[in-house]
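Coordinates in review
One-letter residues, chain by chain:
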Amino acid sequence: MDELLIKSIAGNRVRLKSNIFKSKSNTILISNELSGNLLSFRENLSCKSIVFVHNDNTSLDEIIRKIKALFPTIILHSIPASTAVCGSDEDCTSCTRTEVNPVSFKRRTIEFGLLTGYSIFLFVTETVLGLTVVASPLSLVAVVAMVAAVPLLRESWEDAKRGKFTLETFMGGTLALAILFGEATAAFEIIYILRGAMLLEDYIAIKSKNEIHKLIELDIQKVFILCDGVELEIDLADLKQDDIVVCRSGEKIPVDGMIIDGSCEVNEALINGRSDATYKAMDDIVYAGTMLERGRVGIKVNAIGNKTYISRVMSDVENALAIKSPAQMEADKLASRLLKLGSFLTVGTFMFTGSYLNAFSVMIVMSCPCATVLAASTAISAGIAKGAKQGILIKGGEALEQVSQSEVFCFDKTGTLTTGRPIIEEIYALKGSTKTEILKYAAMAEYRNTHPLAVSIVKYAQEKKIKINQSVQSETIPGLGVKAKFDGMFILVGNKKFLSNHKISTKDLKDKADKHLQDGDTIVYIAVDKKALGFIVLRHEVRKGTKKMLSDLRAHGVKHIALVSGDDEKVANAFAKEFGFDTVYANQSPRDKADAVEQLKKKYHNVVMVGDGVNDTLAMSKADVAISFAVGGSKAAIDVSNIAISHSHPQDVVELYNISKSTLKVVEQNYWIGTGTNLLGVGFAAFGMLSPAAAGAIHIGHTGAIMLNSSRLTIGSKDNLHAKEDIDIGS
Ligand code: ADP
Ligand code: MG
C-alpha cells in the first residue's frame, strides 16, 4: 500500500510525493486525468514527486479524490503546513534540503565560535610558540574533536546500523581513525571546517530569506478598526477575519480585503508594477503591502499575515529555495562519486606506498566533499537573493539556471510589453447611437474586469462623469473580450473575432477601423443585442526600454524572439516590425499561445514565455521557464510563473538573464576550486608531501574560497524596489 504525502502547499501550487510517482506511465495517467483542473504539471520521477498549479475552480481535495480513484490503494498522509517543504527525509534527499531552524542556528553559531577560539589556541601554541600539541587518542584535542563531531557521529552511526555507506559514515570513520592513529589535530580540523561550512550554507539560506522578507515587510504594528461606528486602535496581531480596518492617505494597507466604505487611490506597484495610483471604491479588492495615496476607506478583512496574496507569492519563492536545482543535484552526485573515488584512492595509496600516514592524508583530503556540494548551493542561493533584492522573484534554482540556457523568448504584448494603461484615442459610433452610449455600455460590461483595456475604458468613463451601473452580470472570455447582461440587453465588448463568433457583422465599421489598425491601435467593438454600435480606439504605450531589452537579449545569444499576442494581426505585425521580433503569432487564443510555445520547443532548446494575463497561463505552463511580467494582470499568471518580475522594467528580463548566467559561471568556477584542490591534495598526500593536518587545512582554504566566490554575486546589486515605471513611445 502506497502513501500519498502533501509536501507543500503555496497558494494553488502543490507538491505531492508518493511511490506511485516513480513511474512515468503513472504520472502521465494522472496529468491526463487532471488536465481540466491544472494550469501546470511537472514530475520528478527520481524523487517521486509531482508539482502542479491547480486552477481556482478546483480544490486540492478534488485532485486527491481523482488520484485516489486512479490508484485506489493509495493512502493520504498529510503533513503539517509548517514542515510542508519537501524536507530531507530519508528517501528524497536528492531533491531537497531541510529548512533552517533559527534557534539551532544560533546555538551552532555559538558552538562554532567556541571551536574557533580553540583552533586559534592550537595555532598560537603550535605555529607561533612552536610548542608540540599532544594529539594522542586521549588528548584534549581528541576530546574536543569528538565532542564537536557528536552530531555527525550520531548520523553516521545511524547510517552504519542500516548498512548504508554514506558521506557521514565515511567522514565519521575518517575522524575515528584519525583520532585512533594519533592525528587528533587533523580530525579537529576536518570537523571544524565541516561545521563551519554547514553554518555558512545555512547563513546564506537565511540571508536569502531575509532579502525576500524585506520585500513584503509591512512595518505596521497597530491598525484602526471600526467598532460600532467608533475607530479603535488595536495590534495588527489581534486583527480577525471580517473586521473592518480603516486606512487613510499615506498609509500602507495592512490586509487583503474588500472596500466597504469610501474611495481611494492606491499605488499597487508591489503587486502589479504600475506606478500610477488606481482608483478604488466600494466592492473593490485591495492588497496588503500596497500604498494608499489618497482617500479614506473601510476595508473588510479577507486575509491577514501569511495568508495575504503577496505573502503567499513570497512563500512560493521561499519554498523553492529549499528545493534543489539541477546544478545542486549534479553537485550531490559528484560528491558521492568523489566519495567512492576517495575510498578507492585511500586503499590504493596504502597498497602502493605501504604508508598508513600517506593513505590517511588521502583519506582526509577526500573525506569532505562539502566544497563540491557548496559549490552549487551557495551560488544559487546568492543568485536568488540578488534577484529578490531587485524585485525579481525566482521560484527555485531550476528556473534560474534555465533562463540563460534558453534559446527562445516569447513575449505577450498587451500588459506585458505595453503598460497597463492604454489611452483612449477616439470613440466611433455608427448612426443610431452616440459616443456616450457606447462608452457607457463598454464601461458597464468591463467594470469588474482587470484587463488593461477594461481598466482604461472604465477610468475614461469615470473621468467623463458617466454613471456606470455596477450591478451588471458580466463574463470575461480571455483573449476575446467580455459579455454582459443588463436590463434584458445582451452586451458584447471585444475584438472582431469575438463579434464574428457571435455572428455579428462589423462590415459597416471596417474602413474606419482599418485606418486605426494600420497605425497599430487596438480596436474594441461594442455590440448590443447582436448589433455592432461602434468601437473604441485605444493606443498602447510601450514600456520604455523594450527595444533595448530585445537587442540585449539577442546580444547575449538568444536565438529567437517571438511575439505571441491576442491582438489583431495588423496591430501585432506593426508592433513586431517596429521592435524587431523574429516571428509574430497574432490573433492568438490561450490555446493557440500554448501551441506556439510547443511548436518552438520542438525546434529550439528551452523556451521562455513572458506574460501577464489569464490568457497567457496555458502557454506559460507549457514553457520551460514562465516569467510573469507586470504581475497585476492576473493572479493565475503569477501562480504559474517560475519567476515573477514585480516591477515592469523590461530591463529586468536582461538583468535576470545576467543573474542566471553569472550564477552558472560561479557554480562552474566553484567546482574547479573544490574538485581541483581536492585532486591536487590527493596527489601530494599520496606521495607523502602533505601531512594529515595540512590535508585538513586544504578544506579550510577551498571552502572559504567558494564562499567568497559565491558572495561576489550579491555584491553590487542595487535595491530596485521603488524604481519608477517608465513609459513613453507609442507604437
Ligand atoms: P495580448 O495577448 O497581446 O496580451 P490579450 O490576449 O490580453 O492580448 O487580448 C487580445 C485581444 O482580445 C485584445 O487586443 C482585445 O481585442 C481583446 N480583449 C481581451 N480582453 C478584452 C476586454 N476585457 N475588453 C475588450 N477586449 C478585450
Ligand atoms: Mg497580456
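Notes on the structure follow. Please read all numbers here as calculations on a predicted model, not as lab measurements. (Residues numbered from 1 in each chain as written. Chains lettered and ligands numbered in written order. Predicted model: local features only at pLDDT ≥ 70, side-chain atom pairs only at ≥ 80, totals over all residues. Heavy atoms only, no water.)

**Side note on the pairing of strand E25 (residues 607–611)**
Burial runs high along E25: five of the five residues are buried. Of the two faces of E25, the one carrying Val607, Met609 and Gly611 and the one carrying Val608 and Val610 are both buried. Both strand E15 (residues 408–411) and E25 contribute to a ladder of four bridges, which runs parallel. Bridge assignment links phenylalanine 409 to a residue of E25, and that residue is valine 608. As judged from the four bridges shared by E25 and strand E26 (residues 625–629), these two strands associate in the parallel manner. (Buried < 20%, exposed > 50% of the residue type's maximum accessible area, 1.4 Å probe, protein only. Helix = DSSP H or I, 4+ residues; strand = E, 2+ residues; numbered from the N terminus. Pairing = 2+ DSSP bridges.)

**So, the packing of helix H11 (residues 356–366) against helix H23 (residues 651–686)**
Two elements in contact, H11 and H23, have axes whose closest approach is 8 Å; the angle formed by their N-to-C orientations is 170°. Our classification of the angle between H11 and H23 gives roughly antiparallel. Where H11 abuts H23, its residues Asn358, Ser361, Val362, Val365 and Met366 lie against Asn678, Gly681, Val682, Ala685 and Ala686. Within the contact of H11 with H23, the residues separate by chemical class into six nonpolar, four polar and no charged. (Axes fitted to C-alpha atoms, helices over the stretch in contact; angles between N-to-C directions. Parallel < 35°, antiparallel > 145°, perpendicular 65-115°, else oblique. Contact = heavy atoms within 4.5 Å. Nonpolar A, V, L, I, M, F, W, Y, C, P; charged D, E, K, R; others polar.)

**Some remarks on unusual backbone geometry**
Backbone geometry at aspartate 283 places phi at a positive 75°, although glycine is not the residue there. For aspartate 283, the location among the structural elements is in the loop between strand E11 (278–280) and strand E12 (285–286). Within the chain, lysine 503 stands out as a residue other than glycine whose phi angle is a positive 55°. Tracing the backbone shows lysine 503 in the loop between helix H16 (496–501) and helix H17 (510–518).

**Digging into the sheet that holds strand E17 (residues 473–477)**
Strand pairing in a sheet relies on backbone hydrogen bonds. The paired strands run either parallel or antiparallel. Pairing within the open sheet is antiparallel, and its six strands lie in the order E16-E21-E20-E19-E18-E17. Edge positions in the sheet fall to strand E16 (423–429) and E17, since each has one partner strand and no second. Neighbour-to-neighbour, the strand axes of this sheet turn through a mean angle of 15°, independent of strand direction. Of the strand pairs in this sheet, strand E18 (residues 481–486) and strand E19 (residues 489–494) are connected by six bridges, and their pairing is antiparallel. Within E19, the residue paired with alanine 484 across the bridge is isoleucine 491. Most of the contacts of helix H14 (residues 435–446) go to E19, to which it runs at about 85°, and overall it touches E16, E17, E18, E19, strand E20 (522–528) and strand E21 (531–539).

**A short note on the coordination of the magnesium ion (ligand 2)**
Protein ligation of the magnesium ion (ligand 2) involves Asp412 (OD), Thr414 (O) and Asp612 (OD), the donor distances falling in the range 2.2 to 2.3 Å. Counting along the primary sequence, the residues that act as donors to the magnesium ion (ligand 2) give the motif D-x1-T-x197-D. One end of the pair, aspartate 412, is in the loop between E15 and E16; the other, aspartate 612, is in the loop between E25 and helix H21 (617–622), with 200 residues separating them in the sequence. With respect to class, aspartate 412 is no different from aspartate 612; both count as buried. (Donors = N, O, S within 2.8 Å, 3.2 Å for Na, K, Ca; no water.)

**Topic: the site of ligand 1**
Close to ligand 1 lie 20 residues, the nearest being Asp412, Glu446, His451, Lys593 and Asn615. Within the side chain of glutamate 446, one N or O atom sits 2.5 Å away from a nitrogen atom of ligand 1. At 3.2 Å from a nitrogen atom of ligand 1 is found a side-chain nitrogen or oxygen belonging to asparagine 449. Its free accessible area being 550 Å², ligand 1 has 99% of it covered by the protein chains. (Near = heavy atom within 4 Å. Polar contact = N/O pair within 3.5 Å; in protein donor to acceptor, adjacent residues only side chain to side chain. Areas by Shrake-Rupley, 256 points an atom, 1.4 Å probe, with all protein chains shown as cover.)

**Focus on the sheet that holds E26**
Strand order in the open sheet made by the seven strands is E14-E27-E26-E25-E15-E23-E24, with mixed pairing throughout. This sheet does not close on itself; its edge strands, each paired only once, are strand E14 (392–394) and strand E24 (583–585). Adjacent strand axes in the sheet meet at a mean angle of 20° when their direction is disregarded. When E14 meets strand E27 (residues 643–645), the two strands line up antiparallel, connected through three bridges.

**Some points on the pairing of strand E2 (residues 13–18)**
The element E2 is largely enclosed, with a buried count of six among its six residues. Side-chain alternation along E2 places Arg13, Arg15 and Lys17 on one buried face and Val14, Leu16 and Ser18 on a second face that is also buried.

**Re the packing of aromatic side chains**
Here the structure, examined in full by the defined rule, presents 11 aromatic pairs. The positively charged end of arginine 248 is found above the aromatic ring belonging to phenylalanine 224, 6.0 Å away from the centroid. One Lys or Arg, lysine 413, reaches over the ring of phenylalanine 575 and ends 5.7 Å from the middle of that ring. (Phe/Tyr/Trp six-rings, centres within 6.5 Å; stacked < 30°, edge-to-face > 60°. Lys NZ or Arg CZ within 6 Å of the ring centre and 35° of its normal.)

**Re helix H4 (residues 140–148)**
Every buried residue belonging to H4 is among Val141, Ala142, Val144, Ala145 and Ala148, and all of these are buried. Down the axis of H4, the buried set is contained in an arc of 165°. They therefore lie on one face. Turned more than 90 degrees from where H4 packs its buried face, Leu140 and Val147 sit exposed. (Arc of directions from axis to C-beta.)

**Side note on the pattern of salt bridges**
Enumeration over the complete set of coordinates arrives at 21 salt bridges. The closest approach of N and O atoms between aspartate 261 and arginine 296, which form a salt bridge, is 4.0 Å. Placement of the pair is aspartate 261 in strand E10 (residues 256–267) and arginine 296 in strand E13 (residues 291–303), with a sequence separation of 35 residues. Among the residues examined, arginine 296 registers a relative accessible area of 38% and is labelled partly exposed. Between lysine 593 and aspartate 616 there is a salt bridge whose closest N-O contact spans 2.6 Å. With a gap of 23 residues between them, lysine 593 in helix H20 (residues 590–603) and aspartate 616 in the loop between E25 and H21 connect regions that are remote in the sequence. (Salt bridge = Lys/Arg side-chain N within 4 Å of Asp/Glu carboxyl O.)

**Some thoughts on the environment of methionine 146**
Positionally, methionine 146 belongs in helix H4. Residues methionine 146 and leucine 175, spaced 29 residues apart in sequence, show a C-alpha to C-alpha distance of 8.2 Å. Ignoring sequence-local partners within four residues, the contact set of methionine 146 consists of Leu153 and Ile179.

**Things to note about H11**
An α-helical turn contains 3.6 residues, so any two residues separated by three or four positions project in the same direction. In terms of burial, H11 is a largely internal element, nine of the 11 residues being buried. Taken residue by residue, H11 has Asn358, Ala359, Phe360, Ser361, Val362, Met363, Ile364, Val365 and Met366 as its buried positions. Where H11 begins, the side chain of serine 355 points an oxygen toward the backbone nitrogen of asparagine 358, at a separation of 2.9 Å.

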